[in-house]
Amino acid sequence: MAKNPKQTLPLGKRAVLFATNAVVYGLIRLALMLPYAVRVRCVGAFISGVLGPVAGFRSRAMQHIAHIYPDMSQSDRKSLASACLNNFGRTLIENYSTKDMLSRMHDHEITGPGFQALKEARDAGRPVILVTGHFGNYEATRAALVSQGFAIGGLYRDMSNPYFNAHYVKTMEAFGGPVFPQGRKGTAGFVRHLKAGGQLVLLFDQHVFHAPVMDFLSEPARTATSAADLALRFDAALIPFYGIRQDDGLGFETTLEAPIPHSDALTMTQAMNDSISARIRTNPEQWFWVPRRWRPDQI
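Residues numbered from 1 in each chain as written. Predicted model: local features only at pLDDT ≥ 70, side-chain atom pairs only at ≥ 80, totals over all residues. Heavy atoms only, no water.

(A) Molecular detail of the environment of Leu 27. Here Leu 27 is to be found in helix 1 (residues 11-31). Sequence separation of Leu 27 and Val 43 is 16 residues, and the distance between their C-alpha atoms is 8.9 Å. (Helix = DSSP H or I, 4+ residues; strand = E, 2+ residues; numbered from the N terminus.)

(B) The side chain of Thr 225, seen in detail. Along the polypeptide, Thr 225 turns up in the loop between strand 7 (219-222) and helix 10 (226-234). The class of Thr 225 is buried, set by a relative accessible area of 14%. Look past the residues within four positions of Thr 225 in its chain and what remains in contact with it is Pro 212, Met 214, Ala 265, Leu 266 and Thr 269. (Buried < 20%, exposed > 50% of the residue type's maximum accessible area, 1.4 Å probe, protein only. Contact = heavy atoms within 4.5 Å.)

(C) Focus on a nonpolar patch on the surface. A cluster of nonpolar side chains, Val 23, Leu 27, Leu 30, Met 33, Phe 46, Val 50, Leu 51 and Val 54, forms an exposed patch at the surface whose accessible area comes to about 760 Å². Contributions of two or more residues to the nonpolar patch are made by helix 1 and helix 2 (36-55). Per element, the largest residue contribution to the nonpolar patch is four residues, and it comes from helix 2. Along the chain, the position of Val 23 falls in helix 1. Val 23 gets classed as exposed once you look at its relative accessible area, which sits at 53%. (Patch = residues over 30% accessible without salt bridge, like charges linked within 9 Å, V, L, I, M, F, W, Y side chains within 5 Å. Areas by Shrake-Rupley, 256 points an atom, 1.4 Å probe, with all protein chains shown as cover. Salt bridge = Lys/Arg side-chain N within 4 Å of Asp/Glu carboxyl O.)

(D) Looking closely at the side chain of Thr 255. Tracing the backbone through its elements, the reader meets Thr 255 in strand 9 (residues 252-256). Note on Thr 255: relative accessible area 6%, which makes it buried. Within the local environment of Thr 255, its side chain forms a polar contact with the side chain of Thr 111, the two groups lying 3.2 Å apart. When residues no more than four places from it in sequence are discounted, the contact partners of Thr 255 are Thr 111, Gly 112, Pro 240, Phe 241, Tyr 242, Ile 244 and Arg 279. (Polar contact = N/O pair within 3.5 Å; in protein donor to acceptor, adjacent residues only side chain to side chain.)

(E) Expanded view of the packing of helix 2 against helix 4 (residues 74-96). Axis separation between helix 2 and helix 4 bottoms out at 7 Å; the angle between their running directions is 135°. Relative to helix 4, the element helix 2 is oriented oblique. As helix 2 runs across helix 4, the sense of the crossing is right-handed. Facing Tyr 36, Arg 39, Val 40, Arg 41, Val 43, Gly 44, Ala 45, Ile 47, Ser 48 and Gly 52 of helix 2, the residues of helix 4 in contact are Ser 82, Leu 85, Asn 86, Phe 88, Gly 89, Arg 90, Ile 93 and Glu 94. Of the residues contributing to the contact of helix 2 with helix 4, the split by class is eight nonpolar, six polar and four charged. (Axes fitted to C-alpha atoms, helices over the stretch in contact; angles between N-to-C directions. Parallel < 35°, antiparallel > 145°, perpendicular 65-115°, else oblique. Left-handed = near helix turned anticlockwise from the far one by under 90°. Nonpolar A, V, L, I, M, F, W, Y, C, P; charged D, E, K, R; others polar.)

Structure below.
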């Protein structure tokens, strides 16, 4: 039997993670007591103006922004990093506001040619892999699809804080559709769902060690080909999708792009990179710039 990840950590480390989770989760519970629009704005402002700078997230985002936009002024980088963190904070509390989000996205208009392709695949019993990144709030689109009868599952990566991970996974499950952890057991369930003609979400916009080097925002970055590999293996439609935050900070455009044609895994994965890169260039404040997407030492 696999050990509980909490039990494998040193006592001191467990204490720090437990305390950190207690503070963050306490703030989340406090925010959930506020009216929906107020809580979304407040958490966005808190992450952007307080937690992000203190935790070093804003400075790290600014470094990555400078890598892509070397001619951007320091003040503009700071503004973009702050806007990115604001979107992250809003997304975080939205994903904990499951009932509110499902209600708001009920019968929400879904645009783009990929939506018709998704319906056709479902009716034909063909599996679908929906690919996206840490952009806008992808759960908004999943909520809209769930409200229209789609059981959209997903594969997730456990967070480094197991105490936080335990309740965050519950928020993903609450949106509907099965969710599977990365690893042998989770991947097996993921594959079974796909083989049965299910629809699944994969996020692909983070660095993966030993993955092929491809173009991402005109810079080399390692990108996993797993989504394309699975699409080819199971003849699944591969559809990029996005939940694009609107100017009011609360609404979304939910769109599914045209399916990526089947060819080979590298070509298809580069098409995925091109898709999200175009979205980031249009709305750079909606992408999560904090993780190290580009690692020159690994290229």
